[in-house]
Amino acid sequence: MKPLETRREEALRLRKEGYNCAQSVLLPFDDVTGLPRELAARITSGLGTGVGATREICGVVNAMALAQGMLQSPEASGKAASMKCAGSLARRFADANCGCLRCEDLKGKPGRPTCEQLVLQGVEILHRHFEEGAPAE
């Protein structure tokens, strides 16, 4: 598994290259998800600025849900475990951000983190999750 620092550096580089927050979180986990980079970039292309620029659920949260879902059972019976796991990751992110998951609530206000900081939070949460060897919780 890639080291956390490698993922962090890659995520920041992707942001600087113009990738959105969801892309910047998902692409560094290609070794875990098995997703080809081009496909991962396409899947997450509409998730930036809070899903389609609506400023709703942060793309970082959506990318974490997609990444963990890649390790879940493709059967309908795996849906509950995947939803529980995605919810746990979202709660970890919200706990680090005053309970917020919406893009509009997370950024653009004094004292709030930048998109880059949110991306790094998501990368760290997701990395720790996979490092624990727990694709489902």
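Quick notes on the rules
Residues numbered from 1 in each chain as written. Predicted model: local features only at pLDDT ≥ 70, side-chain atom pairs only at ≥ 80, totals over all residues. Heavy atoms only, no water. Helix = DSSP H or I, 4+ residues; strand = E, 2+ residues; numbered from the N terminus. Rg over C-alpha atoms; globule rule 2.2 N^0.38 Å. Contact = heavy atoms within 4.5 Å. Areas by Shrake-Rupley, 256 points an atom, 1.4 Å probe, with all protein chains shown as cover. Lys, Arg positive; Asp, Glu negative; His and termini not counted. Charge placed at Lys NZ, Arg CZ, Asp CG, Glu CD. Buried < 20%, exposed > 50% of the residue type's maximum accessible area, 1.4 Å probe, protein only.

J.: Can you explain the overall build of the protein chain? Please cite residues and give values.
T.: Across its full length, the protein chain carries eight helices and zero strands. A compact globule built from 137 residues would reach a C-alpha radius of gyration of about 14 Å, and the protein chain, at 14 Å, matches this within 12%. In the protein chain, the share of contacts with a sequence separation of at least 24, taken over all contacts with a separation of at least 6, comes to 61%. Taken as a whole, the protein chain presents about 6800 Å² of accessible surface, with 55% of it coming from carbon and sulfur. Here the protein chain holds 18 positive side-chain charges and 17 negative ones, and the gap between their average locations is 4 Å.

J.: Tell me about the side chain of Ser 82, and please be specific about residues and values.
T.: Along the polypeptide, Ser 82 turns up in helix α6 (residues 79-95). Judged by its relative accessible area of 17%, Ser 82 falls in the buried class. In contact with Ser 82, not counting residues within four places along its chain, are Gln 68, Gly 69 and Gln 72.

J.: A description of unusual backbone geometry should follow, citing residues and the corresponding values.
T.: At Thr 49, a residue that is not glycine, the phi angle is positive and equals roughly 55°. Here Thr 49 lies in the loop between α4 (37-43) and α5 (59-69). A positive phi angle, close to 60°, is found at Ala 53, a residue other than glycine. Relative to the helices and strands, Ala 53 resides in the loop between α4 and α5. Take Ala 53: its relative accessible area is 53%, and that puts it in the exposed class.

Limitation: the analysis is restricted to geometry and does not speak to function.
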